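Listed here are the chains, written in short residue letters.
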Amino acid sequence: MLTATQRNPAAATVTPAAGISFWRRHQRVIAPWLFLAPALILFTLYVIAPIFQTISLSLYAWDGLSQARYIGLHNYIELYKDPDFWLSLKNNLIWLFGFMLALPAGLLMALFLNQAVFGIRLVKALFFFPFVISQVVIGLVFSWFYDPSNGLLFHVLHFFGIPPVAVLSDERFVTYGIVAAGLYPQIAYCMILYLTGLNNLRPDLIEAARLEGASGWQMLFKVVLPQLRAATFIAIVVTIVGALRSFDMVSIMTQGGPYGSSRVLAYYMYEEALSEYGYRMGYGAAIATVLFLIMLVYISMMLFRIYKQEKEHG
């Protein structure tokens, strides 16, 4: 008597074949997510979840030890009436516009260093050096540079017969002095991004443009810069984020002084939430939420602009 398998041999292979065919049919979709899963899990735990926790905490009054008390939007209402918050926001905008100078400066340095001459690698290493130096070291060096009694700036001004300027002690100049110190490594970072982009330019387009008679500014704006769109986007995003979350330079060089005139939002958040004068975790979380929303708006605007450009050229 024949068994069911002998009567229908194909039945024995239905289940394994179905399993194999499912994997093969969905392998291109599933495999990338399997590789991304560990990073996505960590990103969710350590980035996405804290963002929502911070937004939730901003609705409470909490000193970090006692029971948190729900107060709704009271922290944000207080922020709106807080002159120190608006001064910090103003300084952040100065940082933002000042840091944008890193893009053209980094591009010019990259164009200068993108030469095939003897010793250019050593010169590139010297220009790259500011990026690998600790922000603390840069802050200390610029503090010595601005020293109104014996700093390098004092000697330069003295040489030209100009009275010394106490940059870090003058409310009019202190924020600009710190921004200049922050620009030092930021320009080096933008230079690296543009150097990478220049090394990936399409030589056929460059040669075709030369045959058509393009040179100088025409070559730069019509041929080179369009191919550097990806590097420019990354440089803009990193520069915006770096300007808005500026903290270490302010902490090292002035600690928010004189009289709080050099505070930025990140440092003001630290003062309110974690310093010995604060311990207002909810209020600090509200400042952090506002800072996050400002970053989100700027980056979203840049993404939308890049998307429109890609759509127009695509």
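Just so we're clear, the structure is a prediction, and the values are computed from it rather than from any experiment.

1. Quick look at the packing of aromatic side chains
Okay, step 1: In the structure shown here, the tally under the stated rule is 13 aromatic pairs.
Okay, step 2: Considering the side-chain rings of tryptophan 95 and phenylalanine 99, the 5.4 Å spacing of their centres and the 50 degrees angle between planes classify their relative orientation as tilted. With tryptophan 95 and phenylalanine 99 both in helix H4 (residues 83-99) and 4 residues apart, this pair spans about one turn of that helix.
Okay, step 3: We classify tryptophan 95 as buried; its relative accessible area is 2%.

2. Side note on a nonpolar patch on the surface
Okay, step 1: A cluster of nonpolar side chains, Ile41, Leu42, Phe43, Leu45, Tyr46, Val47, Ile48, Phe52 and Ile55, forms an exposed patch at the surface whose accessible area comes to about 900 Å².
Okay, step 2: Mapped onto the elements of the fold, phenylalanine 43 is located in helix H2 (residues 14-57).
Okay, step 3: Exposure remark for phenylalanine 43: the relative accessible area of 44% places this residue in the partly exposed category.

3. Regarding the environment of asparagine 92
Okay, step 1: Tracing the backbone through its elements, the reader meets asparagine 92 in helix H4.
Okay, step 2: Taking relative accessible area as the criterion, asparagine 92 reaches 0% and is therefore assigned buried.
Okay, step 3: When neighbours within four sequence positions are excluded, asparagine 92 is seen to be in contact with Ala243, Leu244, Ser246, Val264 and Leu265.

4. Here we look at the packing of helix H5 (residues 102-113) against helix H9 (residues 174-199)
Okay, step 1: The interhelical angle for the contact between H5 and H9, taken along N-to-C directions, is 50 degrees, at an axis separation of 7 Å. When the interaxial angle is binned, H5 and H9 end up oblique. Crossing hand, H5 versus H9: right-handed. In this structure, H5 uses Ala102, Leu103, Ala105, Gly106, Leu107, Met109, Ala110, Leu111 and Leu113 to contact H9, whose residues at the interface are Leu183, Gln186, Ile187, Cys190, Met191, Tyr194, Leu195 and Leu198.
Okay, step 2: Partitioned by chemical class, the residues of the contact of H5 with H9 number 15 nonpolar, 2 polar and no charged.

5. Focus on the side chain of threonine 254
Okay, step 1: Looking at where threonine 254 falls in the secondary structure, it is placed in the loop between helix H13 (248-253) and helix H14 (265-273).
Okay, step 2: Residue classification places threonine 254 among the buried positions, given a relative accessible area of 16%.
Okay, step 3: A polar side-chain atom of threonine 254 sits 2.8 Å from a polar atom in the side chain of serine 262.
Okay, step 4: Residue contacts for threonine 254: discarding those within four places in its chain leaves Leu168, Val174, Ile178, Met249 and Ser262.

The rules behind these values
- Residues numbered from 1 in each chain as written.
- Predicted model: local features only at pLDDT ≥ 70, side-chain atom pairs only at ≥ 80, totals over all residues.
- Heavy atoms only, no water.
- Phe/Tyr/Trp six-rings, centres within 6.5 Å; stacked < 30°, edge-to-face > 60°.
- Helix = DSSP H or I, 4+ residues; strand = E, 2+ residues; numbered from the N terminus.
- Buried < 20%, exposed > 50% of the residue type's maximum accessible area, 1.4 Å probe, protein only.
- Patch = residues over 30% accessible without salt bridge, like charges linked within 9 Å, V, L, I, M, F, W, Y side chains within 5 Å.
- Areas by Shrake-Rupley, 256 points an atom, 1.4 Å probe, with all protein chains shown as cover.
- Salt bridge = Lys/Arg side-chain N within 4 Å of Asp/Glu carboxyl O.
- Contact = heavy atoms within 4.5 Å.
- Axes fitted to C-alpha atoms, helices over the stretch in contact; angles between N-to-C directions.
- Parallel < 35°, antiparallel > 145°, perpendicular 65-115°, else oblique.
- Left-handed = near helix turned anticlockwise from the far one by under 90°.
- Nonpolar A, V, L, I, M, F, W, Y, C, P; charged D, E, K, R; others polar.
- Polar contact = N/O pair within 3.5 Å; in protein donor to acceptor, adjacent residues only side chain to side chain.

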